[in-house]
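Close look at the chain arrangement
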Amino acid sequence: MFFFNLNSIEFLVINQQISFQFPNEITLHIKREDMIHPFVSGNKFRKLKYNLLKAKEEKKIKLLTFGGAFSNHIAAVAYAGKDNNFETIGIIRGDELESYITENPTLLFAQECGMKFQFVSREEYKNKTTNLFIENLKNRYGDFYLIPEGGANSLAVKGCEEIITEEDSRFSHICCSIGTGGTISGLINASHLHQKIIGFSSLKGEFLSDDIRKFAVKNNWELVTDYHFGGYGKINEELVRFINDFYKQTTIPLDPIYTGKMLFGIIDLIEKGYFPKGANILAIHTGGLQGIKGMNVYLKKKNLQQIITQ
């Protein structure tokens, strides 16, 4: 069983960012994108930036998007819409959730931000990108600006390209977690050819490679699929212990769906000799911390250790 012990690793905190020095002259640096905004943090801020500008340019007054029960994207769109005077509509996967809004921290937050919901069955949700499904939404809600699930479109990729700065050219490897492929596509496009971009999938399967190729303009990337912990939204006690140990020793919170799995994977790969001697690694903390409340509700029901947040 894999445990992460920072006691044997040197680390330095500068401007709310943290660097770790591992054996074999390997350095890991974490970019705190989660600290951009308290409610629209990390890659959600990046993905929404140009979409909101486009919606305003097109004089739209409604934003419509899609997501699941504990979606970071749903929460972010709801708050960003409220903050920018848009009406927001969330098409939510799982019609059974309609009766449990007050028990769901994510949906309750989105509702308090003014988002209106339409709950659909999981089977119906699979059709969300079809012309007929979208046309029915237009008939029901009128004119709106559509943001895809997870915010992954060309404007989102453009926003994610801004995660990487010229200063980051010193890193040999750049790592991020993957849900839809939009964030890593932006990182790939903004990277230098001497850099390797590594995506840690939070979902089972290799299908995300095709989604990434739709937007990425370079081939200096790799998809790692060994650290999904059973699939999207799945966790186990080992991952929870890792997240809690990491927080206790660094005060950096990690979400269990994305960044927690990525950091677990990076450190495991370092210990297994995946990275070459002298590798200078940048890991992107993409936020998603709002989802911890919902995960802790689940863990409490299962009488399992919960994730520490403070």
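Shown above is the structure to which this text applies.
So, a few notes on the structure that sits alongside this text. No experiment lies behind these values; they were computed from the predicted model shown.

1. Digging into the overall build of the chain
Along its length, the chain carries 11 helices and 11 strands. Its C-alpha atoms give the chain a radius of gyration of 19 Å, within 12% of the compact-globule value 19 Å for 310 residues. The principal-axis extents of the C-alpha atoms in the chain amount to approximately 60 × 45 × 35 Å. Going through the 310 residues of the chain one by one, you find that 56% of them count as buried. Put simply, the chain has 36 plus and 34 minus side-chain charges, and the middle of one group is 3 Å from the middle of the other.

2. Observations regarding the side chain of His 228
With respect to the helices and strands, His 228 occurs in the loop between strand E10 (221-224) and helix H9 (237-250). Residue classification places His 228 among the buried positions, given a relative accessible area of 16%. Engagement of the side chain of His 228 in a polar contact is seen with the backbone nitrogen of Gly 231, the distance being 3.1 Å. Apart from residues lying up to four places away in sequence, His 228 is in contact with Ser 201, Ser 202, Leu 203, Lys 204, Lys 234 and Lys 261.

3. Describing the environment of Gly 159
Counting through the fold element by element, Gly 159 comes out in helix H6 (residues 154-160). In this structure Gly 159 touches Arg 46 and Tyr 50, once residues within four positions along its chain are discounted.

4. Some thoughts on the packing of helix H2 (residues 72-83) against helix H3 (residues 105-112)
Helix-helix packing: each pair is described by the crossing angle between the helix axes and the interaxial distance. Interaxial distance between H2 and H3 falls to 8 Å at its minimum, and their mutual angle equals 15 degrees. One way to sum up the angle between H2 and H3 is to call them roughly parallel. Here H2 and H3 pass one another in a crossing that is left-handed. Seen from H2, the contacting residues are Ile 74, Ala 75, Ala 78 and Tyr 79; seen from H3, they are Thr 106, Phe 109 and Ala 110. Residues of the contact of H2 with H3, tallied by class, amount to six nonpolar, one polar and no charged.

5. Some points on the pattern of salt bridges
Between side chains of opposite charge, a pair can form as their charged atoms come close. Summed over the entire model, instances satisfying the criterion amount to 16 salt bridges. Between Lys 277 and Glu 25 there is a salt bridge, with its nearest N and O atoms 3.9 Å apart. Placement of the pair is Lys 277 in the loop between helix H10 (259-271) and strand E11 (280-285) and Glu 25 in the loop between strand E2 (17-22) and strand E3 (26-32), with a sequence separation of 252 residues. Among the residues examined, Lys 277 registers a relative accessible area of 58% and is labelled exposed. The exposure class of Glu 25 is exposed, given its relative accessible area of 53%.

6. Topic: unusual backbone geometry
Residues apart from glycine generally show negative phi values, whereas peptide bonds are mostly found in trans. Phi at Asn 85 is positive, roughly 60 degrees, even though this residue is not glycine. Relative to the helices and strands, Asn 85 is located in the loop between H2 and strand E5 (87-93). Asn 85 sits in the exposed class, given a relative accessible area of 71%. Phi is positive for Phe 229, which is not a glycine, with a value near 55 degrees. By secondary structure assignment, the location of Phe 229 is in the loop between E10 and H9.

7. Quick word on the sheet that holds strand E7 (residues 145-146)
Either a parallel or an antiparallel arrangement is found when strands of a sheet pair, and the pairing is made through backbone hydrogen bonds. If you trace the four strands from one edge of the open sheet to the other, you get E6-E5-E4-E7, paired in parallel fashion. One side of each edge strand has no neighbouring strand; the edge strands of this open sheet are strand E6 (116-120) and E7. Pairing between E5 and E6: five bridges, direction parallel. Bridge pairing in E6 places Gly 90 opposite Phe 117. Across the face of the sheet, helix H5 (residues 131-141) comes into contact with strand E4 (62-67), E5, E6 and E7 while running at roughly 135 degrees to E4.

About the cut-offs
Throughout this description, residue numbers start from 1 for each chain and increase along the sequence as written. This being a predicted model, a pLDDT of at least 70 is required before a residue's local features are given, and a value of 80 or more before pairs of side-chain atoms are given or counted; all residues contribute to the totals for chains, interfaces and linings. Side-chain measures were taken over the full set of non-hydrogen atoms in the model, leaving aside hydrogen atoms and water. For helices the rule is a DSSP run of H or I covering at least 4 residues; for strands it is a run of E covering at least 2, with both sets numbered from the N terminus onward. The atom set for the radius of gyration is the C-alpha atoms, and the globule formula is 2.2 Å times the number of residues raised to the power 0.38. Buried residues are those whose accessible area, probed at 1.4 Å on protein chains only, stays under 20% of the maximum for their type, while exposed residues exceed 50% and partly exposed ones sit between those limits. When charges are counted, Lys and Arg are positive and Asp and Glu negative, with His and the chain ends excluded. Taken as the charge location is NZ of Lys, CZ of Arg, CG of Asp or CD of Glu. Identification of polar contacts relies on pairs of N or O atoms within 3.5 Å, with a donor-acceptor requirement for protein atoms, meaning one able to donate a hydrogen and the other able to accept it, and with residues adjacent in sequence counted only if both atoms are side-chain atoms. By definition, residues are in contact when any of their heavy atoms lie within 4.5 Å. Whenever a helix is involved, its axis is fitted only over the stretch in contact; in every case the axis is a line through C-alpha atoms, and angles between N-to-C directions fall within 0 to 180 degrees. Orientation categories follow fixed angle ranges, with anything under 35 degrees roughly parallel, anything over 145 roughly antiparallel, 65 to 115 roughly perpendicular, and all other angles oblique. Definitions for this section: a left-handed crossing has its near helix turned counterclockwise from the far helix by less than a right angle. A right-handed crossing has that turn clockwise. Three residue categories are used. Nonpolar comprises Ala, Val, Leu, Ile, Met, Phe, Trp, Tyr, Cys and Pro, charged comprises Asp, Glu, Lys and Arg, and polar comprises the others, including Gly. One side-chain nitrogen of Lys or Arg within 4 Å of one carboxyl oxygen of Asp or Glu is enough to make a salt bridge. Two strands qualify as a pair provided DSSP detects at least 2 bridges between them.

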